[in-house]
Amino acid sequence: MTVRRVVPNVRSEAMRENREFYGLLGLEEVMNLGWVMTLASPTNPTAQIGVMTDDRTGPVVPDLSIEVDDVDAAHAAMRDSGAEIVHPLRDEEWGVRRFFVRDPNGRVINVLTHRREPGDVAG
């Protein structure tokens, strides 16, 4: 399994203020669904931060997101280890397949992969 990126998530009701603040540090908005916004470095696009008001389908705002190339294998490994699955493995309407798991420190981790649609080119 390969990790593609690790993104800290910040719970906040101040989306615009966060965009402006992190913009001063060189991050730019690359995604905004209203309830979740991703800010990234234009020169290093895997350097990111997520800002969330809530989670549309999850029970909590996760502390961290880890994108992997095989979320089903990650889910199986976590389940088999006895880790607490906080949110079941599922396909979300915004194009990701994900689950939440609790780490040994009690932090909730959003483990995800972006789904490929028919006709997508591997990249």
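All of these numbers come straight from a predicted model, not from anything done at the bench. (Residues numbered from 1 in each chain as written. Predicted model: local features only at pLDDT ≥ 70, side-chain atom pairs only at ≥ 80, totals over all residues. Heavy atoms only, no water.)

1. Some points on the confidence of the model for the protein chain
For the protein chain, per-residue confidence averages 92 on the pLDDT scale, and 93% of positions sit at 70 or higher. Long-range and interchain partners of residues 118–123, a stretch whose pLDDT sits below 50, account for 4 contacts in this model, where long-range means more than four residues apart. (pLDDT = per-residue confidence, 0-100. Contact = heavy atoms within 4.5 Å.)

2. What to know about the packing of aromatic side chains
Throughout the structure, instances matching the rule amount to 2 aromatic pairs. Taking 4.9 Å as the distance between ring centres and 90° as the angle between the ring planes, the aromatic pair formed by Phe21 and Tyr22 counts as edge-to-face. For Phe21, a relative accessible area of 47% gives the class partly exposed. Look at Trp35 and Trp94: their rings are 5.1 Å apart centre to centre, the planes differ by 70°, and that puts the pair in the edge-to-face class. Of this pair, Trp35 sits in the loop between strand 2 (28–32) and strand 3 (36–40) while Trp94 sits in the loop between strand 6 (85–91) and strand 7 (96–102), and the two are 59 residues apart along the sequence. Using a relative accessible area of 8% as the deciding quantity, one classes Trp35 as buried. (Phe/Tyr/Trp six-rings, centres within 6.5 Å; stacked < 30°, edge-to-face > 60°. Buried < 20%, exposed > 50% of the residue type's maximum accessible area, 1.4 Å probe, protein only. Helix = DSSP H or I, 4+ residues; strand = E, 2+ residues; numbered from the N terminus.)

3. Remarks on the nonpolar core
Within the largest apolar cluster, 7 residues are counted, these being Val68, Val71, Ala74, Phe99, Val101, Ile109 and Val111. Ignoring sequence-local partners within four residues, the contact set of Phe99 consists of Val71, Ala74, His75, Met78, Ile85, His87, Pro88, Leu89, Ile109, Asn110 and Val111. Met15, Met37, Ile49 and Val51 belong to the second-largest nonpolar core, a separate cluster that totals 6 residues. (Core = buried A, V, L, I, M, F, W, Y, C linked by side-chain atoms within 4.5 Å.)

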